[in-house]
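# Chains, contacts and geometry: an overview
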Amino acid sequence: IVAKDSGDQAGSLNNIANILRYTGKLSEALAYYNQALILKEKFGSKRSLATTIGNIGEVYLELKNFANAEIYFNRALSLRIAVNDNYGILTSSTRLAELYLRQNKFAKARDIALSGKRSANKAGMLDKKLENDSVLTEIYMKLNDPESAIQLAKDALTLKDSIFNAKMAQTTWRLNVQF
């Protein structure tokens, strides 16, 4: 791989790993992510490093290697907290909640999902909040708390309207700028 510097090379390795992951070649993806990880640990930002670490956690989750997925998701979350990356905090929290949900650790899943929801509220990330709330709804159902699940589903309707309205406002603005 030809790249201008180690940062570019790490990004290229990460992109190759993403493609391999999405095509189901998980072992190969893991190898590329680990190569990118080595470079990012030496030369990358904490935010960039956290992304690759989270991607490795995703692969382990897909491989059903829950112990390693948890290690990598927690490591990514710690880095994202350190740089106050609310988007990343929410992403890592949601993935950890999904992991705990798969392991039937429902109370732990709820707690981490609620923590992620607080990050979403701080940063106004409507689309990621919707994703997190979807996981949280499933958790509440597993905890036999249908009232909370119903409330989240109602909130999701409002949230979807807000997302739609924001997209429409952006489209209208673009059209006005064009003409």
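To start, this report covers the structure provided alongside it. Quantities reported herein were computed from a predicted structural model and do not represent experimental measurements. (Residues numbered from 1 in each chain as written. Predicted model: local features only at pLDDT ≥ 70, side-chain atom pairs only at ≥ 80, totals over all residues. Heavy atoms only, no water.)

With that out of the way, let us pick up helix H5 (residues 86-102). Here H5 is 17 residues long and its end C-alpha atoms lie 24 Å apart, about the 24 Å a rise of 1.5 Å per residue gives. Within H5, 14 of the 17 residues are buried, leaving the element largely enclosed by the surrounding structure. Backbone geometry just after H5 places Asn 104 at a positive phi near 60 degrees. (Helix = DSSP H or I, 4+ residues; strand = E, 2+ residues; numbered from the N terminus. Expected span 1.5 Å × (residues − 1). Buried < 20%, exposed > 50% of the residue type's maximum accessible area, 1.4 Å probe, protein only.)

Right, let's talk about the environment of Glu 41 for a bit. Looking at the element boundaries, Glu 41 is found in helix H2 (residues 26-43). On the accessibility criterion, Glu 41 (43% relative accessible area) is partly exposed. For the pair Glu 41 and Ala 10, spaced 31 residues apart in the sequence, the C-alpha separation amounts to 9.9 Å. Excluding its chain neighbours within four sequence positions, the residues that come into contact with Glu 41 are Leu 49 and Arg 75. Among the polar contacts listed, one links the side chain of Glu 41 to the side chain of Arg 75, at a separation of 2.6 Å. (Contact = heavy atoms within 4.5 Å. Polar contact = N/O pair within 3.5 Å; in protein donor to acceptor, adjacent residues only side chain to side chain.)

Any link to function would need more than the numbers given here.
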